[in-house]
Amino acid sequence: MKISGFLSSVVLAGALAVAPAVPLAASPATWRGATATTAPSAAFQATIRTVDEETRARMIGMSWKPGCPVPIDDLRIIDMNFIGFDGAVHSGGQLMVHRLVAPQVVEAFRVLFENGFPIRRMELIENYGGSDDASMAADNTSAFNCRPVTGTTDRFSIHSYGQAIDINPVENPYVRGSTVLPPAGVDYLDRTDMRPGMITKNDVVEKVFREQKFFWGGDFNSLKDYQHFETKKLVLPD
């Protein structure tokens, strides 16, 4: 698997190196209307690996069922560190995505790390019983979950393909008419009042995901899904 010039910070086999929590530097950096701090001296680290047997067993019947559009063998777990809202570097973050987009996802999160963009938590959806609502309420950044499009029962979400990521759902809610998901996202409906963890057009988050060929849900017309990034479907059911 070829990955661009950040190969030194990405491990394709073996364990993710664990870095202790390191406070961020004091000098400020900015992303469109919000202030962050510069990236800490600790390096970004990420591992792309196949789904282990324990996780596979948890997935079946929860986040993956027979009939889902991609097999588990086509999914990859990315173990990575990230910067929290406490300004420290946290190890143990996990996202599950399709193998074909895993390198692009690593590159995007490397840029977020280096720009000091904070992430509340990053756990697999199995930690929330496969419930998107529970994951969003916990402000969890997540990716794969074989489920219908929100508000439907008969169409697979692109999350079912491992080709979509939701980042900081509370700070970046799904909004359709009077529906706000998660409900705590009502405090972030004013998108001009930029606070840490929020995403807006042309900020570091939207920009790097666009460069990696992901489209932002904040650009949707019939609704706004500020947490959501997706690729065009690279994988179709047989």
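Nothing here was measured: the structure is a model prediction, and the numbers come from that model.

Draft legend 1. The state of the cysteines, seen in detail. Applying the stated criterion across every chain yields a total of 1 disulfide. Each sulfur in the disulfide pair Cys 68 and Cys 146 lies 2.2 Å from the other. Disulfide Cys 68-Cys 146: the torsion about the S-S bond is -115°, which places it as left-handed. Of this pair, Cys 68 sits in the loop between α1 (53–59) and β5 (75–83) while Cys 146 sits in the loop between β8 (140–141) and β9 (164–166), placing them 78 residues apart in sequence. The same class applies to Cys 68 as to Cys 146, namely buried.

Draft legend 2. Main features of the sheet that holds strand β11 (residues 179–181). Strand order across the open sheet formed by 3 strands is β11-β10-β13, with antiparallel pairing between neighbours. The open sheet has two edge strands, β11 and β13 (224–225), and neither has a second partner. Examined bridge by bridge, strand β10 (residues 174–176) and β11 share 3 bridges and lie antiparallel to one another. Across the sheet, the residue bridging to Arg 176 is Thr 179, located in β11.

Draft legend 3. Just helix α4 (residues 204–211), in detail. Of all the residues in α4, the buried ones are Val 204, Val 205, Glu 206, Val 208 and Phe 209. The N-cap of α4, judged by a side-chain oxygen 3.1 Å from the amide nitrogen of Val 205 a few residues on, is Asp 203. Count one or two residues on from α4 and you reach Lys 213, which has phi positive near 70°.

Draft legend 4. Examining the side chain of Glu 206 more closely. Assignment of secondary structure puts Glu 206 in helix α4. Of note is the side chain of Glu 206, whose polar atom sits 3.4 Å from the side chain of Lys 201. Dropping the residues within four chain positions of it, Glu 206 is found in contact with Ile 199, Thr 200, Lys 201, Trp 216, Asp 219 and Phe 229.

Draft legend 5. Just the pairing of strand β6 (residues 89–98), in detail. Direction of pairing for β5 relative to β6: antiparallel, over a ladder of 8 bridges. Residue Ile 83 lies in a different strand from β6, and its bridge partner there is Val 89.

Draft legend 6. Main features of the pattern of salt bridges. Per the counting criterion, the structure on display carries 14 salt bridges. With its nearest N and O atoms 2.6 Å apart, the salt bridge here joins Asp 73 to Arg 56. Here Asp 73 is found in the loop between α1 and β5, whereas its partner Arg 56 is found in helix α1, with 17 residues between them in sequence. On the accessibility criterion, Asp 73 (51% relative accessible area) is exposed. We classify Arg 56 as partly exposed; its relative accessible area is 21%. Between Arg 110 and Glu 107 there is a salt bridge; the shortest N-O distance is 2.7 Å. Here Arg 110 and its partner Glu 107 are both found in helix α2 (residues 102–114), 3 residues apart, which amounts to about one turn of the helix. This pair shows no difference in class: Arg 110 is buried, exactly as Glu 107 is.

Draft legend 7. Focus on α2. Between its terminal C-alpha atoms α2 stretches 18 Å, which fits the 18 Å expected from 13 residues at 1.5 Å a residue. Of all 13 residues in α2, 11 are buried; the element is thus mostly enclosed. Where α2 is concerned, the buried positions are Ala 102, Pro 103, Val 105, Val 106, Glu 107, Ala 108, Phe 109, Arg 110, Val 111, Leu 112 and Phe 113. Gly 116 lies just past α2 and shows a positive phi near 75°.

Cut-off values and rules
- Residues numbered from 1 in each chain as written.
- Predicted model: local features only at pLDDT ≥ 70, side-chain atom pairs only at ≥ 80, totals over all residues.
- Heavy atoms only, no water.
- Disulfide = S-S within 2.5 Å.
- Helix = DSSP H or I, 4+ residues; strand = E, 2+ residues; numbered from the N terminus.
- Buried < 20%, exposed > 50% of the residue type's maximum accessible area, 1.4 Å probe, protein only.
- Pairing = 2+ DSSP bridges.
- Polar contact = N/O pair within 3.5 Å; in protein donor to acceptor, adjacent residues only side chain to side chain.
- Contact = heavy atoms within 4.5 Å.
- Salt bridge = Lys/Arg side-chain N within 4 Å of Asp/Glu carboxyl O.
- Expected span 1.5 Å × (residues − 1).

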